[in-house]
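The primary structure of each chain is shown beneath.
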Amino acid sequence: MGLNLPIPVATIGLLLASNVFMTVAWYGHLKFKTAPLVTVIFISWGIAFFEYLMQVPANRIGYGYFSAAQLKTIQEVISLSVFAIFSWLYLGEKIGWQHGVGFSLICLGAWFIFHDFG
């Protein structure tokens, strides 16, 4: 009883969900500086488990439709997008013009990955 989603939709959806878990695992503990390091490491590992439950199938489903380089590029653009939103909403960090310029350059790089110039 699958959803029969198109490969790009399934792949990108799983990568998006995976990156939400990854960002929380890697950066969520920053608000809890007094928590013991070993505690946050184990909690982060537990959260990262769910990241892998989505990341691995995303790559398995997407590979063949996308090249490995394209899958990695999609993952990185999603990762930076999720991180920017997370750092703004959860950590309260400002997103400045330089972040926009840097992200635009990364997106330009992604554009090159997805185009075949011969």
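Residues numbered from 1 in each chain as written. Predicted model: local features only at pLDDT ≥ 70, side-chain atom pairs only at ≥ 80, totals over all residues. Heavy atoms only, no water.

A. Fine view of the nonpolar core. Listed in full, the seven residues of the largest apolar core are Leu15, Ala58, Phe66, Leu71, Ile74, Ile78 and Val82. Examining the composition of this core, we find that four residues originate from one element, helix H3 (residues 68-89), more than from any other. (Core = buried A, V, L, I, M, F, W, Y, C linked by side-chain atoms within 4.5 Å. Buried < 20%, exposed > 50% of the residue type's maximum accessible area, 1.4 Å probe, protein only. Helix = DSSP H or I, 4+ residues; strand = E, 2+ residues; numbered from the N terminus.)

B. Representation of helix H2 (residues 37-62) in the model. Here H2 contains 26 residues, and its C-alpha end-to-end distance of 36 Å stays within 8% of the 38 Å for a straight helix at 1.5 Å per residue. Along H2, the largest kink reaches about 25° and is centred on glutamate 51. Considered for burial, the residues of H2 that qualify are Val40, Ser44, Ala48, Glu51, Met54, Gln55, Ala58 and Gly62. At its buried positions, H2 is contacted by helix H1 (7-27) and H3. Positioned one or two residues after H2, glycine 64 has a phi angle of 110°, which is positive. (Expected span 1.5 Å × (residues − 1). Bend = angle between axes of the 7 residues up to and from the residue. Contact = heavy atoms within 4.5 Å.)

C. Up close: a nonpolar patch on the surface. A cluster of nonpolar side chains, namely Trp97, Val101, Leu105, Leu108, Trp111, Phe112 and Phe117, defines an oily patch on the protein surface of about 840 Å² accessible area. Relative to the helices and strands, leucine 105 resides in helix H4 (residues 97-113). (Patch = residues over 30% accessible without salt bridge, like charges linked within 9 Å, V, L, I, M, F, W, Y side chains within 5 Å. Areas by Shrake-Rupley, 256 points an atom, 1.4 Å probe, with all protein chains shown as cover. Salt bridge = Lys/Arg side-chain N within 4 Å of Asp/Glu carboxyl O.)

D. View of the pattern of salt bridges. Counting across every chain of the model gives one salt bridge. Note that lysine 72 is salt-bridged to glutamate 76, the shortest N-O span being 2.8 Å. Of this pair, lysine 72 and glutamate 76 both sit in helix H3, separated by four residues, roughly a single helical turn.

E. Broad picture of the packing of aromatic side chains. Scanning all chains against the criterion turns up 11 aromatic pairs. The interplanar angle of 90° and the centroid separation of 5.2 Å between the aromatic rings of phenylalanine 42 and tryptophan 45 together place this pair among those described as edge-to-face. One end of the pair is phenylalanine 42 and the other is tryptophan 45, both in helix H2 and three residues apart, which spans about a single turn. Given a relative accessible area of 56%, tryptophan 45 falls into the exposed group. Aromatic side chains phenylalanine 49 and phenylalanine 50 sit 5.4 Å apart centroid to centroid with 80° between the ring planes, which places their arrangement in the edge-to-face category. Residue phenylalanine 50 is classed as partly exposed on the basis of its relative accessible area, which comes to 40%. Of the aromatic side chains, those joined through ring pairs into one cluster are Phe21, Phe49 and Phe50. Sitting above the plane of the tyrosine 90 ring, lysine 31 keeps its charged end 4.5 Å from the centroid. (Phe/Tyr/Trp six-rings, centres within 6.5 Å; stacked < 30°, edge-to-face > 60°. Lys NZ or Arg CZ within 6 Å of the ring centre and 35° of its normal.)

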